[in-house]
Amino acid sequence: MATGEEDVLLLRVRAGEILEGGSWVYAWLQASGDRKVIYVGATGMHPATRAWLHLHNPDPEVGRILARYPAAKVDSLDVLAMRLPPEVSRVETKLALIARLSREQLLSERYVGGAPEEDVHVPSRCSEQAERLLSHIAAHIRR
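Computed from a predicted model, the values in this text were never measured in an experiment.

1. Some remarks on the pairing of strand E3 (residues 24–30)
Inference 1: Extensive coverage of E3 is indicated by the burial of seven of its seven residues.
Inference 2: Burial along E3 is two-sided: the face carrying Trp-24, Tyr-26, Trp-28 and Gln-30 and the face carrying Val-25, Ala-27 and Leu-29 are both buried.
Inference 3: Pairing geometry for E3 and strand E4 (residues 37–43), over six bridges, is antiparallel. Each residue of the ladder has a partner; that of Ala-27, found in E4, is Val-40.
Inference 4: As consecutive antiparallel partners, E3 and E4 are separated by six residues, and within that stretch Gly-33 has a phi angle of approximately 75°, a positive value.
Inference 5: Bridge count between E3 and strand E5 (residues 77–83): seven bridges; the pairing is antiparallel. Bridging across to E5, Trp-28 finds its partner in Val-79.

So this is what it looks like as structure tokens:
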């Protein structure tokens, strides 16, 4: 089998940091059972890297899923992630998404993330991004 250009990944490391990691917001969902969201996060790392750290890092502030959701070792989970434009705040988008998931009753009874903040002011561009990911989450849950 020939290796095509799409099989090659170039990571640019400058001054000890990986460039172009992007800005992401993501949600962990149960793949079976109530299929609802157990955690919402935001990161500057690639989501696969962050997911691995959530599951394998012994520091509970880094390995949050491992620390807060021990069933992750046996449960089937899915992670939906969305890249954010550079001008959109990860933190504010995460807060908007948690609030929307809460209002839509899409947070699992086993949810282990930050508490929904209903009265937080979120810029409209963050709300728009949260709505986009919310629609993907809802579609994934309905499957």
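2. Focus: the layout of surface pockets
Inference 1: In this structure, the largest pocket occupies an estimated 340 Å³ of space.
Inference 2: Grouping the constituent residues of the lining of the largest pocket by class yields seven nonpolar, four polar and four charged.

3. Overview of helix H3 (residues 90–103)
Inference 1: Between its first and last C-alpha, H3 extends 20 Å over 14 residues, near the 20 Å set by a 1.5 Å rise per residue.
Inference 2: Those residues of H3 that fall on the buried side of the exposure criterion are Thr-93, Ala-96, Leu-97, Ile-98, Ala-99, Arg-100 and Leu-101.
Inference 3: Structurally, the start of H3 carries an N-cap: the backbone nitrogen of Val-91 is 3.4 Å from a side-chain oxygen of Ser-89.
Inference 4: One or two residues past the end of H3 sits Gln-105, with phi positive at roughly 55°.

4. As for the nonpolar core
Inference 1: The biggest cluster of nonpolar side chains holds 23 residues, and the ones touching the most others in it are Val-37, Val-40, Leu-97, Leu-101 and Ile-137.
Inference 2: Looking at this core, the element that brings in the most residues is helix H4 (residues 124–142), giving seven residues.
Inference 3: In this structure, Val-40 is in contact with Tyr-26, Ala-27, Lys-94, Leu-97, Ile-98, Leu-101 and Tyr-111, ignoring residues within four places of it in sequence.
Inference 4: Among the nonpolar cores identified, the runner-up in size contains ten residues, and Tyr-26, Trp-28, Ile-38 and Val-112 belong to it.

About the cut-offs
- Residues numbered from 1 in each chain as written.
- Predicted model: local features only at pLDDT ≥ 70, side-chain atom pairs only at ≥ 80, totals over all residues.
- Heavy atoms only, no water.
- Buried < 20%, exposed > 50% of the residue type's maximum accessible area, 1.4 Å probe, protein only.
- Helix = DSSP H or I, 4+ residues; strand = E, 2+ residues; numbered from the N terminus.
- Pairing = 2+ DSSP bridges.
- 1 Å grid on protein atoms, 1.4 Å probe; cavity = no way out; pocket = protein on both sides within 12 Å on 5 of 7 lines; lining within 4 Å.
- Points joined across faces, edges and corners; volume = space filled by probe spheres on them.
- Nonpolar A, V, L, I, M, F, W, Y, C, P; charged D, E, K, R; others polar.
- Expected span 1.5 Å × (residues − 1).
- Polar contact = N/O pair within 3.5 Å; in protein donor to acceptor, adjacent residues only side chain to side chain.
- Core = buried A, V, L, I, M, F, W, Y, C linked by side-chain atoms within 4.5 Å.
- Contact = heavy atoms within 4.5 Å.

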